[in-house]
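Residues per chain are reported as follows:
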Amino acid sequence: MLIVQFITIVTERAIYLRKALIYKICFHFISVLGIHIWMFFLVPYITSHSFGETAPVLFYLIKCLHMLLSAYQIRCGYPKRILGNVFTKGYSLANYIAFKIYMEIPFLYILRTMLDWVCIDTTLTVMEWIKMEDIFQSVFIVRCYRQMDTDFPVLRGEPKALYSKLLIGGTIILILIALIWSPLFLFALVGTVGKPNIPQKADIAVKINHYEPIYVSQSNSDILQFSNSDLQKLTNRIILDNYASDSMMLYDAVDVTAIKFYENSISLWNMPPPDKERLLHDLSNGAKLDIHLTLTLKCNLTPEAVIYETTYTLTENKVHTRDKLIRLMSADFSNEKVIVPNILPKFITVQRQQANAKFIKDYDGRQHIRLDG
């Protein structure tokens, strides 16, 4: 539709320059018929909705105004001489600003110049025509400067007032800063906001120091997409925690998934007897041990896997946890349960462009994983 509008504008300009009133009448009837067929028949047929539900009514009203002005132009006829630019009819500050904005629009000036040369009878070559337009542009700007000197007289040699410099120069600086940073901001916004980066596969592993993993699990089909009701229930549960509720308000239901890991490991803990004895010895003697949790997420928008590792350190003073781990490794206490705090949160934010994960504190203040014998 945008291409059709652009072709329509160029065609009307060419007819105007040629002063071809018959072509203008034919083009006007084709435009009126085409816009009504498009708005009242094709758009409802494609969208399966009536005109007022999906079609832009404001666009139709603007087109109606354009068709009214076009009909009035046909009635009055074209002027006998078509020269200059609508912005160059005067030399005031408003004409100067409007002309400069027109000149800064990419390709508009050269497009109009080429269209004028093609449609107007002239003996000039294309380069001579462009040179003539440049001369006219320079003369017009100089006339505007002279008019501004008359409208706003300033004594020669008198420095410019500070408020004038801040008003004019400060505005230009702000516009330039906006033009420089707006593309970067838009690119950064597109890189972080858009399609949901939903996990497709999740792996988790827990091990003590360098020994074989105690717990290994995978989740593929157990990744559940949140619905609006699920998100509302979750928000209601964490409403009292300002940090957690503020974090959840940044996302919609399509951005949130629930990953379920089974409590039983998919692999046996095949630790060799010498390693088991060494681990029991370290636990009994209060040696420093690290419980590592590795979470691997494969998302649909992230080319590489997102890996996050967190560690819980068993120091000498954590006797209660050590005793439970010792009993867990014993055959007589195989049903012992060990709670490892501050290692596995319930809320995880996966960033798209970086291979890491940001952990959000659990709404009830506890972050733990349970090891069952």
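All values derive from a computational prediction rather than experimental measurement.

## Quick look at the overall build of the protein chain
Argument step 1. The number of helices and strands found in the protein chain is twelve helices and ten strands.
Argument step 2. A separation threshold of at least 6 residues defines the contact pool for the protein chain, and within that pool the share at least 24 residues apart is 65%.
Argument step 3. For the protein chain, the computed accessible surface area is about 25600 Å², with 64% contributed by carbon and sulfur atoms.

## Overview of the packing of helix α5 (residues 93-104) against helix α7 (residues 126-151)
Argument step 1. Here α5 crosses α7 at 150°, and the two axes come no closer than 9 Å. Relative to α7, the element α5 is oriented roughly antiparallel. The two elements α5 and α7 cross, and the hand of that crossing is left-handed. When α5 is examined against α7, the residues Leu93, Asn95, Tyr96, Phe99, Lys100 and Met103 are found in contact with a partner set consisting of Gln137, Phe140, Ile141, Cys144, Tyr145 and Met148.
Argument step 2. In terms of residue class, the contact of α5 with α7 is built from nine nonpolar, two polar and one charged.

## Regarding helix α11 (residues 273-284)
Argument step 1. With twelve residues, α11 should reach 16 Å at 1.5 Å per residue; the first-to-last C-alpha distance of 16 Å fits that figure.
Argument step 2. On its buried face, α11 is in contact with β1 (199-208), β5 (289-299), β6 (306-314) and α12 (319-328).
Argument step 3. Immediately beyond the C-terminal end of α11, within one or two residues, lies Gly286, with a positive phi of roughly 75°.

## A look at the packing of aromatic side chains
Argument step 1. Scanning the entire structure with this criterion turns up seven aromatic pairs.
Argument step 2. Ring centres of Tyr16 and Tyr78 lie 5.5 Å apart, and the angle between their planes is 80°; on these two criteria the pair is classed as edge-to-face. With Tyr16 in helix α1 (residues 2-18) and Tyr78 in the loop between α4 (57-76) and α5, the pair connects residues that are 62 residues apart, well separated along the chain.
Argument step 3. You can call Tyr78 buried: its relative accessible area is 14%.
Argument step 4. Aromatic pair Phe40 and Tyr60: ring centres 5.4 Å apart, planes at 90°, arrangement edge-to-face. Note that Phe40 is positioned in helix α2 (residues 21-47) and Tyr60 in helix α4, a separation of 20 residues in sequence.
Argument step 5. By relative accessible area, which is 36% here, Phe40 ends up partly exposed.
Argument step 6. A residue is classified by how much of its surface remains accessible, and Tyr60, at 14% relative accessible area, is buried.
Argument step 7. Aromatic ring contacts, followed pair by pair, group Phe87, Tyr91, Phe99, Tyr102 and Phe140 into a single cluster.

## Things to note about the pattern of salt bridges
Argument step 1. Summed over all chains, the structure comprises seven salt bridges.
Argument step 2. With a shortest N-O distance of 3.6 Å, Arg112 and Asp116 are connected by a salt bridge. Residue Arg112 and its partner Asp116 are both found in helix α6 (residues 108-119); the two are separated by four residues, about one turn of the helix.
Argument step 3. For Asp116, a relative accessible area of 3% corresponds to the buried category.
Argument step 4. Notably, a salt bridge pairs Glu133 with Arg112, separated by 3.8 Å at the nearest N-O pair. Linking Glu133 in helix α7 with Arg112 in helix α6, this pair joins segments that are 21 residues apart in sequence. A single burial state applies to Glu133 and to Arg112, both of which are buried.

## Quick word on the sheet that holds β1
Argument step 1. Strand order in the open sheet formed by four strands is β2-β1-β5-β6, with antiparallel pairing between adjacent strands. Pairing within the sheet leaves two strands with one partner each, and these edge strands are β2 (215-219) and β6. Averaged over neighbouring strand pairs, the angle between their axes works out to 10° when direction is ignored.
Argument step 2. Across the face of the sheet, α12 comes into contact with β1, β5 and β6 while running at roughly 105° to β6.

## Considering unusual backbone geometry
Argument step 1. Here the phi dihedral of Phe107 falls at roughly 70°; this positive angle occurs in a residue that is not glycine.
Argument step 2. Within the secondary structure, Phe107 is located in the loop between α5 and α6.
Argument step 3. Take Phe107: its relative accessible area is 68%, and that puts it in the exposed class.
Argument step 4. Its identity is not glycine, yet Asn209 carries a phi of approximately 50°, on the positive side.
Argument step 5. For Asn209, the location among the structural elements is in the loop between β1 and β2.

## Some thoughts on the pairing of β5
Argument step 1. Residues of β5 alternate between two faces, with Leu289, Ile291, Leu293, Leu295, Leu297 and Cys299 buried on one and Asp290, His292, Thr294, Thr296 and Lys298 left unburied on the opposite face.
Argument step 2. Looking at chain direction, β1 and β5 are connected through nine bridges and run antiparallel. Note on β5: the bridge partner recorded for Val206 is Leu293.
Argument step 3. Bridge count between β5 and β6: nine bridges; the pairing is antiparallel. Looking at β6, one finds that Leu293 is bridged to Thr310.
Argument step 4. Taken together, β5 and the strand that follows it, β6, pair antiparallel across an intervening segment of six residues.

Rules behind the numbers
- Residues numbered from 1 in each chain as written.
- Predicted model: local features only at pLDDT ≥ 70, side-chain atom pairs only at ≥ 80, totals over all residues.
- Heavy atoms only, no water.
- Helix = DSSP H or I, 4+ residues; strand = E, 2+ residues; numbered from the N terminus.
- Contact = heavy atoms within 4.5 Å.
- Areas by Shrake-Rupley, 256 points an atom, 1.4 Å probe, with all protein chains shown as cover.
- Axes fitted to C-alpha atoms, helices over the stretch in contact; angles between N-to-C directions.
- Parallel < 35°, antiparallel > 145°, perpendicular 65-115°, else oblique.
- Left-handed = near helix turned anticlockwise from the far one by under 90°.
- Nonpolar A, V, L, I, M, F, W, Y, C, P; charged D, E, K, R; others polar.
- Expected span 1.5 Å × (residues − 1).
- Phe/Tyr/Trp six-rings, centres within 6.5 Å; stacked < 30°, edge-to-face > 60°.
- Buried < 20%, exposed > 50% of the residue type's maximum accessible area, 1.4 Å probe, protein only.
- Salt bridge = Lys/Arg side-chain N within 4 Å of Asp/Glu carboxyl O.
- Pairing = 2+ DSSP bridges.

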